[in-house]
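Chain by chain, the residues run as shown.
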Amino acid sequence: MKNNERKSIIDTKTIVLVGVLSALSYVLMLFPKIPGVIAAFPWLDIDFSDVPALLASVGISPIAGVLVVAIKNILHLTVTSTGAVGELSNFICGAALVLTCGLTTKYLFKKMLNRVKLLITLPIACVAQVIAAILGNYYLMIPLYGIQAGAKEYIIGGVIPFNLIKDVAVCAVFYLIYILVYPKIQKRLYV
């Protein structure tokens, strides 16, 4: 097989894999959800839609992971009641998590074993995601919803704890899937 043919097959497989992971991410955004994690803010539901995006980011490329997050949120616009503000927030937070994890895995700790590498990169990605959630909510989401009173209390009592809880749950599920299943799938796709 010539190099151009091989590259074309890999590109086609990558596109298909990003599409499949995006569809899975969208479905996981709809259900299952864990509602009411923080009773004072019942609209903050935990979903596992960032798991496929993390798989794409670490398994394919950081840009592929961000594409999965973007496609998931574009698809969710068809069923939203947030006027796209919720999807924008989800994109900012998800992209920060996925991009940071993918970049640190690929470039910062590239010579380490996957298990060790992910145990270092996932907490770094969680910190980046929480920072993005704080900044995004304070400067963009809260003003877009037209609410300024109680913004700091909402961020301290809702945004930070919710994102920490969600990140731990999402990263734990991702870690188990990546370590146990994803390498086997990836070997079959890129043989």
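Structure: see above.
What comes next is a walk through the structure. What you are looking at is a predicted structure, and each value in this text was computed from that prediction instead of being measured. (Residues numbered from 1 in each chain as written. Predicted model: local features only at pLDDT ≥ 70, side-chain atom pairs only at ≥ 80, totals over all residues. Heavy atoms only, no water.)

A closer look at the packing of helix 2 (residues 50-59) against helix 6 (residues 151-180)
Here's step 1: One can describe the packing of helix 2 onto helix 6 by two numbers: an axis separation of 9 Å at closest approach and a directional angle of 55°. Accordingly, the angle class assigned to the pair helix 2 and helix 6 is oblique. Here helix 2 and helix 6 pass one another in a crossing that is right-handed. Facing helix 2, whose interface residues are Asp50, Val51, Leu54, Leu55 and Val58, helix 6 presents Lys166, Val170, Val173, Phe174, Ile177 and Tyr178.
Here's step 2: In the contact of helix 2 with helix 6, the residues fall into nine nonpolar, no polar and two charged. (Axes fitted to C-alpha atoms, helices over the stretch in contact; angles between N-to-C directions. Helix = DSSP H or I, 4+ residues; strand = E, 2+ residues; numbered from the N terminus. Parallel < 35°, antiparallel > 145°, perpendicular 65-115°, else oblique. Left-handed = near helix turned anticlockwise from the far one by under 90°. Contact = heavy atoms within 4.5 Å. Nonpolar A, V, L, I, M, F, W, Y, C, P; charged D, E, K, R; others polar.)

Comments concerning the pattern of salt bridges
For side chains bearing opposite charge, pairing can occur when the charged atoms are close.
Here's step 1: All told, the structure shown has two salt bridges when counted by the stated rule.
Here's step 2: One salt bridge connects Lys166 with Asp47, and the closest N-O pair in it is separated by 4.0 Å. Placement of Lys166 in helix 6 and of Asp47 in the loop between helix 1 (3-30) and helix 2 is noted, with a sequence separation of 119 residues between them.
Here's step 3: With a relative accessible area of 8%, Lys166 lands in the buried category.
Here's step 4: By relative accessible area, Asp47 is classed as buried at 6%. (Salt bridge = Lys/Arg side-chain N within 4 Å of Asp/Glu carboxyl O. Buried < 20%, exposed > 50% of the residue type's maximum accessible area, 1.4 Å probe, protein only.)

Considering a nonpolar patch on the surface
Here's step 1: Taken together, the side chains of Leu88, Val127, Ile131, Leu135, Tyr138, Tyr139, Leu140 and Leu144 present a nonpolar region at the surface, about 740 Å² in accessible area.
Here's step 2: Ranked by the residues each element gives to the nonpolar patch, the list is headed by helix 5 (residues 114-145), at seven residues.
Here's step 3: Take Leu88: it is sitting in helix 4 (residues 85-108).
Here's step 4: Overall, the relative accessible area of 33% leaves Leu88 in the partly exposed class. (Patch = residues over 30% accessible without salt bridge, like charges linked within 9 Å, V, L, I, M, F, W, Y side chains within 5 Å. Areas by Shrake-Rupley, 256 points an atom, 1.4 Å probe, with all protein chains shown as cover.)

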